[in-house]
Amino acid sequence: MVTSARRFRGLLTVVAVLISAMALVPVAAPPAAQAQARPPLYVMADSVVLGADGALRRTFPDYQINMAGFPAIFTRVAAEVIRDEAWRVGDVAVVAVGHNYPYWDPERFDRAIDAVIHNLKAAGAEKVIWVTLRHATHANSPPSSWWQVDRYAWYFPTVNAHLRRALDRHPELSLADWAAISGGLGLTYDSIHLNTAGQAAMAQLIRRSVDAAVARAPAGTVVTLPARSAAMVANDARGVTVQVTLSNPRRPSYADIYACGRSPATGSRVAVPEGAPTAHQVFVRLSATGNVCLRLGEAMEAEAQILSYAPRGSPVGNAPTVLHELVGLAPGQTMTLDLPSSGPSRRGAAVVEVDAAGVAGNATYTVFPCDQRPLWGTPLRTTRSGRISQTIVRPSVDHQICVQTRSPIELSVGLVGSVANQAQLRALRPARLLKAPPAAPLRARQRVALDPFGHPAVPDDVDTLALYLRVTAAFVPGEIELTNCGQPATVIKGWRFSGVGATTVAHVEPGANGKICLRSDQPVGLEVFAVGWAKKKPVLADSGGRPVASAAS
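Small disclaimer: the values here were computed from a predicted structure and weren't measured.

(A) Expanded view of the pattern of salt bridges. Summed over all chains, the structure comprises 15 salt bridges. The closest approach of N and O atoms between K121 and E172, which form a salt bridge, is 3.5 Å. Of this pair, K121 sits in helix α5 (residues 106-122) while E172 sits in the loop between α7 (156-169) and β6 (173-176), and the two are 51 residues apart along the sequence. Note on K121: relative accessible area 42%, which makes it partly exposed. Measuring nitrogen to oxygen at the nearest pair gives 2.9 Å for the salt bridge that ties R251 to E298. Here the residue R251 occupies a position in the loop between β8 (239-247) and β9 (253-259), and E298 occupies one in the loop between β12 (292-296) and β13 (301-310), the gap between them amounting to 47 residues.

Written out as structure tokens, the structure is:
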């Protein structure tokens, strides 16, 4: 039984660093100054987003909305309007034009995009968010508007392709991807124009996109993690396991984790896809001063946590021991790998590097102990071009690790190193804590308390829990917030879900009453399972497996 006397003393994290564009966050002003004008949000739009004017103003109460444009405006004309009313433009601007596309001259459209962004920058805009066009079809449009689909919608995907290519030319540009979330019925009264539900969904999409653009750290940002100075890392540590959570990239990209003072090429590059936040565990050698560096290849938000270290005598190498050369796997197929006959990886945790390639699009695979279910492994993602990812995994009792994929994929797997102490969560047979079915979804902002300690398999003296969340119904994308149930509540995890089928694993710390609270900003069908746990006091061991210290008093 959990009582108020139970002590939750923090995550197993040794070092946590939240990386964001701090320079863009306004400093709190005195009360008199706060009462002055709100910052402007310039919105250049055609009839689609002009119709959401009221919803935008309700969704941005902290901004002064400066709406501009008119129905059927051409992009080149929008550039001229922006030039003429530059005084209305603030630090952030939203552009929602492009339906009137000059299909007879595609290069003209590229020049118009460049002119819009050039004029916004000249007027002082630092961030530009462009709304993509809906992919209108007969299936997602009322029959009365099929003539619009036949006459115009054929070029809407081409417009979006031009906008995506513009990301290469304009680092201040990001996209609010209306095309990605507007593929169903119920958002428009014809093929493109918004009904009440569509206006609300559009306003929320733009809000999320603006907030993400402001919060992102710039491309090329380098952050130093002082690993060896952390309380739980030994002075003779040679390498550390870093968990990096990356979210809201301006576009699919990567991040480099490496020893400071060395080239990023000597470390590991991890993929950052679009969609929900992605987490990678990377084993990296420390610099001479005991630091690790994280470099962002694209503007994004990032959080880095040092989970464990490799003490003196543990193998730490950049060249992995090959466990399996390139092999093709079919969906659901499992590859079993035997670890070397000796070494600390057989007694502690193996650090595995996976080189994934040969996929038609994005793919998800997992590395896990062979005596456990794949759910207990680490979900990793790759892209068409292939990506190298690392994960730390506790082997099965017969010293084996397994790899399973959900998509056709080609993989090479290598053993990079091992750690004797690590914050790997102990696997737990999935225990359902919440089931809000599609027929009875959670209401927007509804607060739900989860009681993981009500499950007999969860000890009552653990400090960190792994929760698996799965979206079963969602009308629009949204965000789920996990808190410690306190008053006021402390946010311990925020997860942006893209729609039905989205999943994540969240490592969270319960509140003093042993409970975890969640709520979504959108109606959502949701299932939550407890899948693992860890205690506060891991025993640190050297490469021989002998206990040498306790991590906490």
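Now that the structure is up, let's keep going.
(B) Quick peek at the packing of helix α4 (residues 75-84) against α5. Where α4 meets α5, the axes come as close as 8 Å, and the angle between the chain directions of the two elements is 15°. Between α4 and α5, the interaxial angle falls into the category roughly parallel. The element α4 and its partner α5 pack so that their crossing is left-handed. In this structure, α4 contributes T75, R76, A78, A79, I82 and R83 to the contact, and α5 contributes R108, F109, A112, I113, A115, V116, N119 and L120. A breakdown of the residues in the contact of α4 with α5 according to their chemical character gives 9 nonpolar, 2 polar and 3 charged.

(C) Unusual backbone geometry, seen in detail. If you check the backbone angles, N248 has positive phi at about 50° while not being a glycine. With respect to the helices, strands and loops of the structure, N248 is situated in the loop between β8 and β9. In this structure N248 comes out as buried when scored by relative accessible area, which is 14%. Positive phi, close to 70°, is recorded for R445, a residue that is not glycine. Position of R445 among the secondary structure elements: in the loop between β22 (426-436) and β23 (448-450). In this structure R445 comes out as partly exposed when scored by relative accessible area, which is 44%.

(D) Quick look at the side chain of Q522. Within the secondary structure layout, Q522 lies in the loop between β28 (516-520) and β29 (524-534). Apart from residues lying up to four places away in sequence, Q522 is in contact with Q204, L442, A444, V476, P477, G478 and F497.

Reading the values: the criteria
Residues numbered from 1 in each chain as written. Predicted model: local features only at pLDDT ≥ 70, side-chain atom pairs only at ≥ 80, totals over all residues. Heavy atoms only, no water. Salt bridge = Lys/Arg side-chain N within 4 Å of Asp/Glu carboxyl O. Helix = DSSP H or I, 4+ residues; strand = E, 2+ residues; numbered from the N terminus. Buried < 20%, exposed > 50% of the residue type's maximum accessible area, 1.4 Å probe, protein only. Axes fitted to C-alpha atoms, helices over the stretch in contact; angles between N-to-C directions. Parallel < 35°, antiparallel > 145°, perpendicular 65-115°, else oblique. Left-handed = near helix turned anticlockwise from the far one by under 90°. Contact = heavy atoms within 4.5 Å. Nonpolar A, V, L, I, M, F, W, Y, C, P; charged D, E, K, R; others polar.

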